[in-house]
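Residues per chain, in single letters:
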Amino acid sequence: MKKISRYFYVLPMMAFGFALLLSSCEDGKSYADMLTDEEHAVNRFLADQRVSNEIPADTVFEVGPDAPYYRIDEDGNVYMQVLNAGTKTEANMAHKDQLIYFRNMRYNLSYYTPAHYDADGYVPGQLPAGEGNSEDVSYLNSSFRFENTELAESIRWGQGLQMPLYYLPIDCEVNLVIKSQLGRNDEIAYVVPYMYNVRYYKSQI
């Protein structure tokens, strides 16, 4: 199985220090309490999904809205469901420092309503309202440079968003569960997990 760079296992030290600095937050919760809440929120969502703790050895993933969420980092910070596996050719795989465009919608999993039964029967899980540029064409595509750990515009989106491109071609579409530590760098201190729907595009430049 293809190994992910150590970049994807190490938090930027300044961002982590900032998170600890702000660990005394509303309601008097400590940073540890916030991490526990985040873990519970992710578990509530994943309990309603199929989950696989291993990447297929041949990296041939199940595809579609009923496909499992694959754990794609060893610490369980990122889970990936493949909606469109794209066209896997050598030319279509991301390479270091390549400019990648993407569109996304994301959903705060702290407000996820788990599947349950009520008087009318089974009620499936419900995501909260999303935010992003996935459907509104008035918003430009966002972008990063793959594996670039120096460019601010790449780092700001967080490490988790780049992980699928270690396994899938650039024209793929995925759902990602991303915990705060590998999410957007400017949001690490808030300790909020998100489910992202992401479509990636190759730069024509």
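Before reading on, note that the structure itself is shown above.
Residues numbered from 1 in each chain as written. Predicted model: local features only at pLDDT ≥ 70, side-chain atom pairs only at ≥ 80, totals over all residues. Heavy atoms only, no water.

Draft legend 1. Broad picture of the overall build of the chain. What the chain contains, in helices and strands, is 3 helices and 10 strands. Helices (α) and strands (β) of the chain occur, in sequence order from the N terminus, as α-α-β-β-β-β-β-β-β-β-α-β-β. Out of the 205 residues belonging to the chain, those deemed buried represent 46%. Counting only contacts in the chain whose residues sit at least 6 apart along the sequence, the fraction spanning at least 24 positions is 66%. (Helix = DSSP H or I, 4+ residues; strand = E, 2+ residues; numbered from the N terminus. Buried < 20%, exposed > 50% of the residue type's maximum accessible area, 1.4 Å probe, protein only. Contact = heavy atoms within 4.5 Å.)

Draft legend 2. Summary view of the packing of aromatic side chains. Tallying each qualifying case throughout the model produces 10 aromatic pairs. Between Phe45 and Tyr112, the aromatic rings sit 5.1 Å apart at their centres with planes inclined by 80 degrees, giving edge-to-face as the arrangement. Separated by 67 residues along the polypeptide, Phe45 in helix α2 (residues 31–46) and Tyr112 in the loop between β4 (99–108) and β5 (116–118) bring together distant segments of the chain. What makes Phe45 buried here is its relative accessible area of 3%. With a relative accessible area of 7%, Tyr112 lands in the buried category. Here the aromatic rings of Phe146 and Tyr166 are separated by 5.1 Å at their centres, their planes lie at 55 degrees, and the arrangement is tilted. You can see Phe146 sitting in the loop between β8 (142–145) and α3 (152–155) and its partner Tyr166 sitting in the loop between α3 and β9 (173–178), a full 20 residues away along the chain. Each of the two residues, Phe146 as well as Tyr166, counts as buried. Three or more aromatic residues joined by ring pairs make a cluster, and in this case those are Phe102, Phe144, Trp157 and Tyr200. (Phe/Tyr/Trp six-rings, centres within 6.5 Å; stacked < 30°, edge-to-face > 60°.)

Draft legend 3. Examining the pattern of salt bridges more closely. Going through the model one piece at a time under the given rule, you end up with 8 salt bridges. For Arg50, the salt bridge identified is with Glu62, shortest N-O distance 3.0 Å. Of the two residues, Arg50 sits in the loop between α2 and β1 (51–52) while Glu62 sits in the loop between β1 and β2 (69–71), which places them 12 residues apart along the sequence. A residue is classified by how much of its surface remains accessible, and Arg50, at 43% relative accessible area, is partly exposed. A salt bridge links Glu131 to Arg106, with the shortest nitrogen-to-oxygen separation between them at 2.7 Å. Of this pair, Glu131 sits in strand β7 (residues 131–132) while Arg106 sits in strand β4, placing them 25 residues apart in sequence. Residue Arg106 is classed as buried on the basis of its relative accessible area, which comes to 6%. Each of Arg106, Glu131, Arg184, Asp186 and Glu187 takes part in salt bridges that share partners, so that together they form one network. (Salt bridge = Lys/Arg side-chain N within 4 Å of Asp/Glu carboxyl O.)

Draft legend 4. Here's a closer look at the nonpolar core. If you look at the biggest cluster of nonpolar residues, it comprises 30 residues, and the most contacted ones within it are Leu161, Leu176 and Tyr200. The greatest single-element share of this core, amounting to 4 residues, is contributed by strand β10 (residues 194–202). Val42, Leu46, Tyr69 and Tyr79 belong to the second largest nonpolar core, which has 11 residues in total. (Core = buried A, V, L, I, M, F, W, Y, C linked by side-chain atoms within 4.5 Å.)

Draft legend 5. Structural view of unusual backbone geometry. Not every positive phi belongs to a glycine, and Thr59 is a case in point at roughly 55 degrees. With a relative accessible area of 16%, Thr59 lands in the buried category. One non-glycine residue, Asp97, lies in positive phi territory at about 75 degrees. Looking at where Asp97 falls in the secondary structure, it is placed in the loop between β3 (78–84) and β4.

Draft legend 6. Here's a closer look at empty space enclosed by the protein. The full count for this structure, using the stated rule, is 1 cavity of 30 Å³ or more. Computed from the structure, the largest cavity encloses a volume of approximately 50 Å³. Lining the largest cavity are Arg106, Ile178, Lys179, Ser180, Gly183, Arg184, Glu187, Val192, Tyr194 and Tyr196. Class assignment for the residues of the lining of the largest cavity results in 4 nonpolar, 2 polar and 4 charged. (1 Å grid on protein atoms, 1.4 Å probe; cavity = no way out; pocket = protein on both sides within 12 Å on 5 of 7 lines; lining within 4 Å. Points joined across faces, edges and corners; volume = space filled by probe spheres on them. Nonpolar A, V, L, I, M, F, W, Y, C, P; charged D, E, K, R; others polar.)

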